[in-house]
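What follows is each chain in one-letter form.
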Amino acid sequence: MARLRLLLSVPDPAEWSSVRGYVANPEQRARDLSEALPEAVRLGHSGGKLRAALSPAIEESLRLSVQRHPEVITTALFPIIGAMIRRYIADALTDLQDSIAQTVESSFSIRSLSWRFQAWRQGRPFAAVLLEKSLCFRVEQVFLIDRRTGLLLLHRRAPEVDVKDPTVISGMLTAIQDFVQDSFGGRESALDAVRLGHHTLWINTGPKAVLTCVILGVPPVPLRQTTEQTVEDIHRDFAQQLEEFDGETGPFGAAGGHLDRCLLGGAGGKAGRGPRKLLAALALAALVLAAWYGYRTYQQYRFDRLLGMLRAQPGLASISAHREGGKWVVRGMRDPMAADGSALAKSAGFDDVRFEWQPYYSLDTPFEIRRAGEERIRLIERSVLRYDQFAFRAPSGEMETLAADWKTVLAAFGPASRLRLLGAAAESEGNGLDERLSRQRVAAAETAFREQGIAAETLVVVPGPLPADRTIRFRVELPKQ
Amino acid sequence: MSETRPPLQKKICLAGAFGAGKTSLVRRFLQGVFDERYLTTVGVKIDKYSLLVDERQIDLVIWDLAGEDFLAPLQISYLRGASGYLLVADATRKETLETAESIVGRIAGTEGALPFVLALNKVDLAGECEVSREDLDRLETAGWRILRTSAKSGEGVTEAFEDLARRLL
């Protein structure tokens, strides 16, 4: 029964042959599989098994492709990789802009307010406007160059910019790029900037085309983003034209808008004036600084002269001198007999000097002499010549001492000093005798002084009845200073 | 319409042995932007030569490469992207023709078979000619286009550039 079933189930020979033919034809099988595969992938997607099975193969294929033909992957990724990197950088720049904006927020000026208004009107961040206004630059020319041939695809320039033959310049730029790559790097690295005086060349190299900007002045960082974005946009919008370029530049005329987007910066040579403005500002600042320095030096010179005069003053010892809150302060020591220096400072033209003196005794000779003179005055004025009844001669020992003391006083305070001899008598001597005796006593004392070499004009004789105690006392009168 | 079409641009190179007269050949025709010192520094100098071929303006951007000698071989990398080249040999020095043959071989090896024209220069010095008729016949048989030029008299120079330009179209 089973055998009969087998014999009955044998297919038709023609059909059998067709099936065999299909199995033996791998091309047909592959064609059928390619039709079924998308559906199979769709069905297998939810399960995750297919994804897991394909992952190693795809990863290996990608690795091999990167290893063997990196330029293919680079070209494929070029339009998006820049955008990815820029997004990260843009986030960082936004933070930076915010911090700049915060710093500047506090400073209010008419100009910053007008920029703020402009930012609000244009719907742009204030920091972006601030960057644009603060930096002096001007993109003078933009070259779009075919990377392989060095031929100029399109050229744009700012108004009034003098341009040599851009076709030839384009070739030379490419030649220099090749030269630098051959000499220092490999084909994978490219010269991306050239600086020459006030000019900077920014070279953005894409897989097929190179965008070169000639910039006068200091280009801001956001400009780099603009040029990078432009070269990527051109690769996206003109991919086919770049691929098929054979010298026909007509199709690239439509890229003019892309290039014009890079022609940024101040108009009418604003950037050119930038360095001159800066120089003028620096020169002015230097002038002001020099004037201020000169004035300070002159003031210091005058003050040093005053200090010299103060030091020459006996009884003053200045230790330090400095400025404090815009005023000169002199600290040091001062003998009580010495002048305090204010008069000297005023005569030198300084009204605002503050003196802080500590007292001390100066050993300068004039002060020693004065101090000795004052001591003698005290001794003289304490001295009393006492007389016996009816006696009128001065005791010689005491007179000698008094004369010596008076000489010291004269040396200290000058010959205009006066010594008053105050005579007195006793009541008991009475009846006019007292006064006569008093006169005789002071006259004798005066004589005794003169005999000791004292000039008579320095002595003033004052006889008198009182006090009635038979004495002579002394008073010193110093000349007014 | 044809007036508004931008010129067709083609990069060509000027190659040959040192002293074959490449630079003199172009100097008569072109008001170059760059000094000839570039040849000894960067090894190349760019010039432009505009001409009309079949009523179409063609701008030949000429990369004048420093002449080859035993110390400094030709920098083939500068030929990258060139549509063709003008080979220059000195009719009074046979070795410059040998150099030219060597250059053609090397360029074919790296850049493929590019169109070229040989300018046999200094033909005004006819009495001192070292290159034989047989040599030229041999090269012409091999498919070389050879034009006799003189940088001194200007003979054949325009024709050489025009001939090359036609081959690039």
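Along each chain, the written sequence defines residue order, and numbers are assigned to residues from 1. Chain labels run from A onward and ligand labels from 1 onward, assigned in the order the entries are written. Local features are withheld for residues below a pLDDT of 70 in this predicted model, meaning they are given only at 70 or higher, and side-chain atom pairs are given and counted only at 80 or more; totals for whole chains, interfaces and linings count all residues.

J.: Got a sec to walk through the overall build of chain A? Specific residues and values, please.
T.: Secondary structure follows DSSP: runs of H or I at least 4 residues long count as helices, runs of E at least 2 residues long count as strands, and numbering of each begins at the N terminus. Across its full length, chain A carries 16 helices and twelve strands. In this description, any two residues whose backbone-derived C-beta atoms lie within 7 Å of each other are considered to be in contact. Taking as baseline every contact in chain A between residues at least 6 positions apart, the subset at least 24 positions apart corresponds to 67%.

J.: Account for the overall build of chain B, with residues named and values stated.
T.: Helices and strands together make up the secondary structure of chain B, namely five helices and six strands. Helices and strands in chain B line up, N terminus first, as β-α-α-β-β-β-α-β-α-β-α. Each residue is classified by how many other C-beta atoms fall within 10 Å of its C-beta atom, where C-beta atoms are placed from the backbone; a count of 20 or more means buried, 12 or fewer means exposed, and values in between mean partly exposed. When the 169 residues of chain B are sorted by exposure, 40% land in the buried category. The contacts in chain B between residues at least 6 apart in sequence include a share of 72% that link residues at least 24 apart.

J.: Kindly report on the nonpolar core, identifying the contributing residues and their values.
T.: Nonpolar side chains in soluble globular proteins tend to end up buried together. Among buried residues, those of type Ala, Val, Leu, Ile, Met, Phe, Trp, Tyr and Cys that are joined through C-beta atoms within 7 Å form a set called a nonpolar core. Judged by nonpolar contacts, the single largest core of 81 residues is most densely connected at Leu-144 of chain A together with Cys-13, Trp-63, Leu-86, Leu-87 and Ala-119 of chain B. Discounting chain neighbours no more than four positions away, the residues touching Leu-87 of chain B are Ala-15, Gly-16, Ala-100, Ile-103, Val-104, Phe-116, Val-117, Leu-118 and Ala-119 of chain B. In this structure, Phe-392, Ala-412, Leu-419 and Leu-421 of chain A belong to the second largest nonpolar core, which totals 18 residues.

J.: Outline the sheet that holds strand 8 (residues 354-359) of chain A, listing residues and values.
T.: Residues and elements named next belong to chain A. Pairing between two strands is assigned when DSSP locates at least 2 bridges connecting them. Within the open sheet, the three strands sit side by side as 6-7-8. Their pairing is mixed. The open sheet has two edge strands, strand 6 (316-324) and strand 8, and neither has a second partner. The mean inter-strand angle of the sheet, taken between neighbouring strand axes irrespective of direction, is 15 degrees. Axis lines are fitted through C-alpha atoms, for helices just across the contact stretch, and the angle between N-to-C directions can take any value from 0 to 180 degrees.

J.: Please provide a residue-by-residue account of the packing of helix 14 (residues 365-382) of chain A against helix 15 (residues 396-413) of chain A, values included.
T.: Residues and elements named next belong to chain A. Where helix 14 contacts helix 15, the two axes come as close as 8 Å, and the packing angle between them is 140 degrees. Put simply, helix 14 runs oblique to helix 15. Between helix 14 and helix 15 the crossing geometry is left-handed. In this structure, helix 14 contributes Ile-369, Arg-370, Ala-372, Gly-373, Arg-376, Ile-377, Leu-379 and Ile-380 to the contact, and helix 15 contributes Leu-402, Asp-405, Trp-406, Thr-408, Val-409, Ala-411, Ala-412 and Phe-413. Any residue that is not Ala, Val, Leu, Ile, Met, Phe, Trp, Tyr, Cys, Pro, Asp, Glu, Lys or Arg is counted as polar, Gly included; the first ten are nonpolar and the last four charged. Its residues assigned to classes, the contact of helix 14 with helix 15 comprises eleven nonpolar, two polar and three charged. Oblique is the label for any angle not under 35 degrees, not over 145, and not in the 65 to 115 range, which are roughly parallel, roughly antiparallel and roughly perpendicular in turn. Each helix crossing is assigned a hand: it is left-handed if the near helix lies turned anticlockwise from the far helix by less than a right angle, otherwise right-handed if that turn is clockwise.

J.: Tell me about the confidence of the model for chain B, residues and numbers included.
T.: Confidence of the predictor at the level of single residues is captured by pLDDT, which takes values from 0 to 100. Per-residue pLDDT for chain B averages 84, and the proportion of residues at 70 or more is 88%. Predicted complex metrics record ipTM = 0.85 and pTM = 0.49.

J.: Outline helix 9 (residues 221-237) of chain A, supporting the account with residue identities and numerical values.
T.: For helix 9 of chain A, which comprises 17 residues, the first-to-last C-alpha distance of 25 Å matches the rise-based estimate of 24 Å (1.5 Å per residue) to within 8%. Three or more residues of helix 9 of chain A are buried, namely Leu-223, Thr-227, Thr-230, Val-231, Glu-232 and Ile-234 of chain A. A helix's residues, less one, multiplied by 1.5 Å, set its expected span.

J.: Tell me what's going on with the confidence of the model for chain A, and back it up with residues and numbers.
T.: Interpreting fine coordinate detail is not advised for predicted regions of low pLDDT. Residue and element names in this part refer to chain A. Per-residue confidence for chain A gives a mean pLDDT of 80, with 85% of residues at or over 70. Looking over chain A, one finds the lowest element-wise mean pLDDT in helix 1 (residues 2-9), namely 67, and the highest in strand 2 (residues 152-157), namely 92. The low-confidence segment residues 267-273 (pLDDT under 50) makes ten contacts with residues lying over four places distant or belonging to another chain.

J.: Provide a residue-level description of the sheet that holds strand 4 (residues 199-205) of chain A, including the pertinent values.
T.: All names here are of chain A. One open sheet holds the five strands; their spatial order is 2-1-5-4-3, and the pairing between them is antiparallel. Sheet topology places strand 2 and strand 3 (193-196) at the edges, where each strand pairs with a single neighbour. Shown here is a sheet whose adjacent strand axes are inclined to one another by a mean of 15 degrees, direction ignored. Two elements, strand 1 (residues 137-146) and strand 2, share five bridges in a ladder whose sense is antiparallel. Across the sheet, Val-142 pairs through a bridge with Arg-156, a residue of strand 2. Packed onto the sheet, helix 8 (residues 166-184) meets strand 1, strand 2 and strand 5 (209-217) and runs at close to 75 degrees relative to strand 1. Set on the sheet, helix 9 makes contact with strand 1, strand 4 and strand 5; between it and strand 5 the angle comes to about 155 degrees.

J.: Run through the environment of Leu-86 of chain B, naming residues and quoting values.
T.: With respect to the helices and strands, the residue Leu-86 of chain B is situated in strand 4 (residues 84-90). C-alpha of Leu-86 of chain B to C-alpha of Lys-22 of chain B: the two residues are 64 residues apart in sequence and 9.0 Å apart in space.

J.: Tell me about the environment of Asp-192 of chain A, residues and numbers included.
T.: Relative to the elements of secondary structure, Asp-192 of chain A occurs in the loop between helix 8 and strand 3. The exposure class assigned to Asp-192 of chain A is exposed, which follows from the 12 C-beta atoms found within 10 Å.

J.: Give me the lowdown on unusual backbone geometry, citing residues and values where you can.
T.: All names here are of chain B. You will see that Asp-54, though not glycine, has its phi angle at about 55 degrees, which is positive. Along the chain, the position of Asp-54 falls in the loop between strand 2 (44-53) and strand 3 (56-65). Phi is positive for Lys-122, close to 65 degrees, though the residue is something other than glycine. Assignment of secondary structure puts Lys-122 in the loop between strand 5 (116-121) and helix 4 (133-141). Lys-122 gets classed as buried once you count the C-beta atoms within 10 Å, which come to 26.

J.: Outline the pairing of strand 6 of chain A, supporting the account with residue identities and numerical values.
T.: Residues and elements named next belong to chain A. The pairing of strand 6 with strand 7 (residues 327-334) spans eight bridges and is antiparallel. In the sheet register, Glu-324 faces strand 7, and the bridge partner there is Lys-327. Joining the antiparallel neighbours strand 6 and strand 7 is a turn of two residues, in which Gly-325 adopts a positive phi near 60 degrees.

J.: Describe in detail the environment of Ala-339 of chain A, supporting the description with residues and values.
T.: Along the chain, Ala-339 of chain A falls in the loop between strand 7 and helix 13 (342-347). In the structure, Ala-339 of chain A is positioned 25 residues away from Pro-314 of chain A in sequence and 8.9 Å away in space, judged by C-alpha atoms.

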